[in-house]
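For reference, the chains in residue letters:
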Amino acid sequence: MGGTEHLTVRREGATLVLTLNRPEAKNALSLPLLVGLYDGWLEADADDAVRSVVLTGAGGDFCAGMDLKALAGDGMAGDRYRERLDADPDLHWKAMLRHHRPRKPVIAAVEGYCVAGGAEILQGTDIRVAGAGATFGLFEVRRGLFPIGGSTVRLQRQIPRTHALEMLLTGRPYTAEEARGIGLVGHVVPDGTALDKALAIAEQINACGPLAVEAVKASVYESAEMTETDGLKAELERGWPVFATADAKEGAKAFAEKRPPVYRRA
């Protein structure tokens, strides 16, 4: 399993858990963290035994955004990581899910701060759980910066535009309940239990047919920018092949036999 000194990777059954691990910096983004995160997305997609991914942060925070000391020129540590970025100048965007969409469902488990670049990574996840004390926000304009991780494009497609513009233009913090109220997160749970809830959702996903899950996720994103007519056509192209799989037959057989299905990605 991969990982770096700033990101840990572990397995919980069929779920790959990626943990941003710079608690002393509220998990602010460093180059080692970004390299580890990108490698984590690749590992999840390459391993057929992985059916879902949970992204969380260590030490009671999700992510406070870019390491501003590094941005100011103090460096983000590690020649080998710098070599990775030099070889792929888009690596940091892929790590932040701006230029990359994993095949497997990604569930965010948020505690504490999820702001700036952390809130931009959040927009690349599929399902979102927050602890009651979590704080959300895109603070870039307060610092004279631009939220260039995709927020001016994606946020208005995920929540109503009036809320997206308020979040982007005021740079103010939002509570977890406010975030749920505008649709940025789907669940608010007691502090310290976001990871447990995310893993429980992951288990529900893991019990489903993996080929079906991946096709459904792909269809949702693929059709998002299509007309309804084109989207429905694309849905058939994605969906019909799933019915011909051995997994589809296994699902029906298991239902008839009143037992859990055993899916084999076939």
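Scroll up to find the structure.
Treat the numbers as computed from the prediction; the structure is a model and nothing was measured.

Rules and cut-offs
- Residues numbered from 1 in each chain as written.
- Predicted model: local features only at pLDDT ≥ 70, side-chain atom pairs only at ≥ 80, totals over all residues.
- Heavy atoms only, no water.
- Helix = DSSP H or I, 4+ residues; strand = E, 2+ residues; numbered from the N terminus.
- Rg over C-alpha atoms; globule rule 2.2 N^0.38 Å.
- Buried < 20%, exposed > 50% of the residue type's maximum accessible area, 1.4 Å probe, protein only.
- Contact = heavy atoms within 4.5 Å.
- Areas by Shrake-Rupley, 256 points an atom, 1.4 Å probe, with all protein chains shown as cover.
- Lys, Arg positive; Asp, Glu negative; His and termini not counted.
- Charge placed at Lys NZ, Arg CZ, Asp CG, Glu CD.
- Salt bridge = Lys/Arg side-chain N within 4 Å of Asp/Glu carboxyl O.
- Core = buried A, V, L, I, M, F, W, Y, C linked by side-chain atoms within 4.5 Å.
- Pairing = 2+ DSSP bridges.
- Axes fitted to C-alpha atoms, helices over the stretch in contact; angles between N-to-C directions.
- Right-handed = clockwise from strand over helix to strand, strands pointing away.
- Phe/Tyr/Trp six-rings, centres within 6.5 Å; stacked < 30°, edge-to-face > 60°.
- Lys NZ or Arg CZ within 6 Å of the ring centre and 35° of its normal.

### Looking at the overall build of the protein chain
What the protein chain contains, in helices and strands, is twelve helices and nine strands. Expected size for 266 residues packed as a compact globule is a radius of gyration near 18 Å; at 19 Å, the protein chain falls within 12% of this value. Seen through its principal axes, the protein chain has C-alpha atoms that stretch 60 × 40 × 40 Å. Within the span of the protein chain, comprising 266 residues, buried residues form 48% of the whole. Sequence-distant contacts, at least 24 apart, represent 68% of the contacts inside the protein chain between residues at least 6 apart. Of the roughly 12900 Å² of accessible surface on the protein chain, a fraction of 56% belongs to carbon and sulfur atoms. Mean positive and mean negative side-chain charge positions of the protein chain (32 and 36 charges, respectively) differ by 3 Å.

### Thoughts on the pattern of salt bridges
One pass over the full model with this rule turns up 18 salt bridges. One salt bridge in this structure joins R84 and D39, with 2.8 Å as the shortest N-O distance. You can see R84 sitting in helix α3 (residues 79–87) and its partner D39 sitting in helix α1 (residues 31–46), a full 45 residues away along the chain. Overall, R84 belongs to the partly exposed group, its relative accessible area being 31%. The partner of E214 in a salt bridge is R103, with the nearest N and O atoms 2.5 Å apart. Pair noted here: E214 is in helix α10 (residues 210–223) and R103 is in the loop between α4 (91–95) and β4 (106–110), with a separation of 111 residues, a long-range link. Note on R103: relative accessible area 34%, which makes it partly exposed. Within the structure, one salt-bridge network assembled from shared partners comprises D48, R103, E214 and R265.

### Details of the nonpolar core
Soluble globular proteins tend to bury their nonpolar side chains together. In this structure, L18, L37, V110, F136 and L184 are the most contacted members of the largest nonpolar core, which totals 49 residues. With eight residues, α1 is the single largest residue contributor to this core. By size, the runner-up hydrophobic cluster in this structure holds 13 residues, among which are A109, A198, A202 and V213.

### Structural notes on the sheet that holds strand β6 (residues 127–131)
Ordered by their spatial adjacency, six strands build an open sheet running β1-β2-β3-β4-β6-β9, and the pairing between neighbours is mixed. What marks the edges here is a single partner per strand, and that holds for β1 (7–12) and β9 (187–189). On average, each strand axis in the sheet is inclined to that of its neighbour by 20°, with strand direction left out of account. Summarising the sheet, β4 and β6 pair through four bridges and their orientation is parallel. Bridge pairing links I107 to I127 in β6.

### Looking at the pairing of strand β3 (residues 52–57)
Within a regular strand, the side chains alternate between the two sheet faces. Burial analysis of β3 places six of its six residues in the buried class, the great majority of the element. As paired strands, strand β2 (residues 15–20) and β3 are joined by six bridges and run parallel to one another. Counted as the bridge partner of L16 is V53 from β3. For the segment spanning β2, α1 and β3, crossover handedness is right-handed. When β3 meets β4, the two strands line up parallel, connected through three bridges. For V53, the partnering residue across the bridge sits in β4 and is V106.

### Focus: the sheet that holds strand β7 (residues 135–137)
Spatially, the three strands line up as an open sheet ordered β5-β7-β8, and their pairing is mixed. Each edge of the open sheet is held by one strand with a lone partner, namely β5 (113–115) and β8 (174–175). Sheet topology places β7 next to β8; two bridges connect them, and they run antiparallel. Residue pairing in the sheet places F136 in a bridge with Y174 of β8.

### A word on the packing of aromatic side chains
In this structure the tally under the stated criterion is one aromatic pair. On the numbers, 5.4 Å between centres and 55° between planes, the contact of W240 with F243 is tilted. Here W240 and its partner F243 are both found in helix α11 (residues 228–243), three residues apart, which amounts to about one turn of the helix. W240 gets classed as exposed once you look at its relative accessible area, which sits at 57%. The exposed category is assigned to F243, whose relative accessible area is 60%. The residue whose ring lies beneath R98 is W93, and the NZ or CZ to ring-centre distance is 5.2 Å. In this structure, R172 is placed above the aromatic ring of Y174, and the distance from its NZ or CZ to the ring centre is 3.8 Å.

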